[in-house]
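# Geometric and topological summary
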Amino acid sequence: MSNYEDIFKKVVSHAKEYGYVFQSSDIYDGLAAAYDYGPNGVELKNNIKNYWWKSMVNMHENIVGLDSSIFMHPTTWKASGHIDAFNDPLVDNKDSKKRYRADVLIEDHISKIETKIDKDVLKATKRFGEAFNKEEFLANNGRVLDRQKQIDSINKKMNTYLSSNNLKKVKALIEELDIKCPVSGTNNWTDVRQFNLMFKTQMGATADGSSDLYLRPETAQGIFVNFLNVQKTARMKIPFGIAQIGKAFRNEIIARQFIFRMREFEQMEMQFFVRPGEEMKWYAYWKDFRMKWHNSLSMGEDNYRFHDHENLAHYANAATDIQFKFPFGFKELEGIHSRTDFDLKAHQEYSGKKLQYFDPELGESYVPYVVETSIGLDRMFLTVLSNSFREEELENGESRVVLKIPAVLAPLKAAILPLTKKDGMPEKAREIMKMLQLDFNCQYEEKDSIGKRYRRQDAIGTPFCITVDHQTLEDNTVTLRDRDTMTQERISVKKLHDIIAEKVSVTKHLA
Ligand code: ATP
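Just so you know, these numbers come straight off a predicted model, no measurement behind them. (Residues numbered from 1 in each chain as written. Predicted model: local features only at pLDDT ≥ 70, side-chain atom pairs only at ≥ 80, totals over all residues. Heavy atoms only, no water.)

### A short note on the overall build of the protein
Along its length, the protein carries 18 helices and 23 strands. Against the 2.2 N^0.38 benchmark of 24 Å for 511 residues, the protein shows a C-alpha radius of gyration of 26 Å, consistent with a compact globule. For the protein, the residues scored as buried account for 51% of the 511 residues in total. Intrachain contacts of the protein at a sequence separation of at least 6 include 66% that bridge at least 24 residues. As displayed, the protein offers around 25,200 Å² of accessible surface, 49% of which is attributable to carbon and sulfur atoms. Between the centroid of the 73 positive side chains of the protein and the centroid of its 74 negative side chains there is a distance of 2 Å. (Helix = DSSP H or I, 4+ residues; strand = E, 2+ residues; numbered from the N terminus. Rg over C-alpha atoms; globule rule 2.2 N^0.38 Å. Buried < 20%, exposed > 50% of the residue type's maximum accessible area, 1.4 Å probe, protein only. Contact = heavy atoms within 4.5 Å. Areas by Shrake-Rupley, 256 points an atom, 1.4 Å probe, with all protein chains shown as cover. Lys, Arg positive; Asp, Glu negative; His and termini not counted. Charge placed at Lys NZ, Arg CZ, Asp CG, Glu CD.)

### Examining the site of the ligand
The immediate surroundings of the ligand are formed by 16 residues, with Glu-252, Arg-261, Met-262, Glu-332 and Leu-333 found nearest. Gln-267 places a side-chain nitrogen or oxygen 3.4 Å from an oxygen atom of the ligand. Gly-376 is positioned such that a nitrogen or oxygen atom in its backbone is 2.9 Å from an oxygen atom of the ligand. Here the ligand has 590 Å² of accessible area as a free molecule, and 87% of this is covered by the chains. Among the elements of the structure, β10 (264-274), β13 (329-340) and β16 (369-376) are those that each provide at least two residues to the shell around the ligand. With 5 residues, the single largest contributor to the shell around the ligand is β13. Broken down by class, the residue content of the shell around the ligand amounts to 4 nonpolar, 5 polar and 7 charged. (Near = heavy atom within 4 Å. Polar contact = N/O pair within 3.5 Å; in protein donor to acceptor, adjacent residues only side chain to side chain. Nonpolar A, V, L, I, M, F, W, Y, C, P; charged D, E, K, R; others polar.)

### Points about the pairing of strand β19 (residues 414-418)
Within β19, 5 of the 5 residues are buried, which leaves it mostly tucked inside the rest of the structure. Here β19 shows a buried face lined by Ala-414, Ile-416 and Pro-418 and a second buried face lined by Ala-415 and Leu-417. Sheet topology places β19 next to strand β20 (residues 442-444); 3 bridges connect them, and they run parallel. Paired with Ala-414 across the two strands is Cys-442, which belongs to β20. Between the parallel pair β19 and β20, the chain is carried across by helix α14 (residues 425-436), and the sense of this crossover is right-handed. (Pairing = 2+ DSSP bridges. Right-handed = clockwise from strand over helix to strand, strands pointing away.)

### Some details on the side chain of Asn-40
Within the element layout of this structure, Asn-40 appears in helix α2 (residues 39-58). Residues in contact with Asn-40, not counting those within four places in the same chain, are Tyr-18, Gly-19, Tyr-20, Pro-411, Leu-412 and Ile-460.

### Details of the nonpolar core
With 63 residues, the main nonpolar core has Tyr-20 and Trp-286 as its most contacted residues. Each of domain 1 (50-75 + 214-386) and domain 3 (400-510) accounts for three or more of the residues forming this core. Beyond its immediate chain neighbours, meaning those up to four positions away, Trp-286 contacts Met-56, His-60, Ile-63, Met-270, Phe-272, Ile-336, Val-371 and Thr-373. Counting residues in each nonpolar core, the second largest holds 28 residues, with Ile-113, Ile-154, Val-170 and Leu-173 among its members. (Core = buried A, V, L, I, M, F, W, Y, C linked by side-chain atoms within 4.5 Å. Domains from an automatic or database assignment.)

### What about the domain arrangement of the protein?
The domains assigned to the protein are domain 1 (50-75 + 214-386), domain 2 (87-196) and domain 3 (400-510). The C-alpha-based centres of domain 1 and domain 3 are spaced at 38 Å. Summing the contributions of domain 1 and of domain 3, the shared interface buries around 820 Å²; its carbon and sulfur component is 85%. It is Tyr-51, Leu-297 and Val-384 that lose the most area in domain 1 upon contact with domain 3, and together they represent 52% of the buried surface on that side. Along the contact surface separating domain 1 from domain 3 lie 0 salt bridges. Applying the counting rule to domain 1 against domain 3 returns 0 residue pairs in polar contact (both at pLDDT 80 or more). Only α2 and α13 (377-388) provide two or more residues apiece to the side of domain 1 that touches domain 3. At 4 residues, α2 tops the list of elements feeding residues into the side of domain 1 that touches domain 3. Here the side of domain 1 that touches domain 3 is built from residues that sort into 7 nonpolar, 3 polar and 1 charged. (Buried area = accessible area lost by both parts, 1.4 Å probe. Salt bridge = Lys/Arg side-chain N within 4 Å of Asp/Glu carboxyl O.)

### Some details on the sheet that holds β13
Reading across the sheet, the 7 strands line up as β3-β9-β10-β16-β13-β12-β11 and stay open at both edges, with mixed pairing between neighbours. Each edge of the open sheet carries a strand with a single partner, namely β3 (63-65) and β11 (304-308). Averaged over all neighbouring strand pairs, the angle between strand axes comes to 25°, with direction disregarded. Its contacts with the sheet put helix α11 (residues 279-295) on β3, β10, β11, β12 (318-326), β13 and β16, and the angle it makes with β13 is roughly 150°. (Axes fitted to C-alpha atoms, helices over the stretch in contact; angles between N-to-C directions.)

Written out as structure tokens, the structure reads:
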């Protein structure tokens with residue numbers, strides 16, 4: 001097992017042990033690719049939502065929110081193209097009977113070549129020491145250039161075959177690269193087929209086909225069909241955006257890697273409506289704005305990169321992913337798409353209702369163009385969790401597991417710990433708890449030794465521990481322990497609120 005897989009396994013079991021994420025229906029041995037968020041998980045999720053909403057809606061006068069229903073009129077999905085074109089190419093290994101997404105098999109093959117490049121870089125770093133220049137090495141080293149050439153050629157072939165729906169060639173490419181099933185170890189593949197990702201269900205009691213419904217595979221269509229409702233009632237002028245957070249469902253063929261790919265997940269999407277012809281300007285704006293949002297969390301700028309699409313979806317004229325370096329490699333975290341007027345035009349056609357905007361400055365009506373930002377809430381959660389997990393050796397020879405979650409997102413902001421259960425310390429601690437708990441999510445804990453309690457809060461990722469001791473009763477001061485540095489400071493109880501507020505303030509991070 002590689003070091004990365006090992007760390008990822010630890011993150012998954014840590015998430016369960018500390019009430020972040022549980023397998024759905026655990027007592028029935030679980031349901032594949034469905035997960036439940038525990039007490040700390042739901043807090044972290046809410047904090048991520050809030051952080052996104054504040055930056056997208058509150059910071060933009062021209063963006064408003066929406067909460068549309070999961071069920072939509074079935075024609076919505078005909079118009080959006082999801083019934084005809086929302087397919088994944090899938091392939092089965094005849095020996096293991098395991099099913100894979102053909103494009104993911106090829107992408108995993110590419111990742112392996114990328115890992116080799118990473119190893120070349122690591123070796124060279126060791127060899128050249130301080131004198132090492134990574135950019136120069138990547139641009140000139142023969143072996144790296146060969147590997148990069150291979151990657152580019154595979155990418156190009158894959159994109160061409162997928163966009164022309166040439167499934168025979170996709171299979172041929174898998175064979176040419178000699179990609180083997182990780183389970184059986186053979187390259188005995190079936191033909192590649194298309195598989196629709198939408199979940200179907202029925203409304204009402206009739207078995208008649210007209211009542212077939214789909215669980216929405218994206219939240220965006222709820223925004224498009226409400227375009228005029230929102231524009232008129234909120235009196236919005238173009239350019240303006242509509243933001244929404246909500247569940248989406250996809251019958252994913254391969255659902256592994258924990259909450260990275262689920263069948264029921266949550267999206268945070270924003271559709272920005274612009275004048276035709278101005279979409280590229282806004283596409284650039286949103287690429288930049290969204291990357292800044294990620295970087296505002298200080299989780300390492302090198303952990304993010306853009307990955308522009310060559311194989312564009314049926315609705316897009318430009319698209320990029322913001323990828324994050326998960327323990328299993330760089331993978332998509334967020335998509336930014338220039339969706340043209342495809343969706344609004346299609347809904348106009350299928351519904352027979354005009355979906356146009358009268359632009360008072362131009363004195364004309366048009367169907368707006370759309371730039372979308374779409375991020376998976378669960379993937380963002382995994383980003384935070386996997387990036388913050390650390391096993392540290394301490395100076396005294398002990399070790400600790402700590403979640404260095406950005407304080408602004410941490411589920412618990414402070415733990416209030418009376419040193420002992422007597423001498424009035426619990427009462428004083430409860431008093432402090434009362435003073436803080438409405439503004440910050442706090443936990444009161446009096447069981448176990450203080451050292452054990454610190455370790456437990458480190459493992460949860462609580463940025464502050466406030467310890468009430470004998471001195472507190474005399475001079476109204478406490479010790480304030482910092483999760484990351486483990487330093488302890490004597491602080492007046494009166495200052496606690498301001499110190500915590502400063503560290504966890506959303507405003508400070510986003511300003
Ligand atoms: P992928 O290529 O990984 O299947 P996608 O390109 O189909 O993703 P989009 O349709 O652009 O994804 O959806 C926007 C975002 O929703 C993604 O960037 C991702 O964060 C999230 N997302 C999509 N599918 C899933 C899923 N099955 N589980 C969790 N999050 C998902």
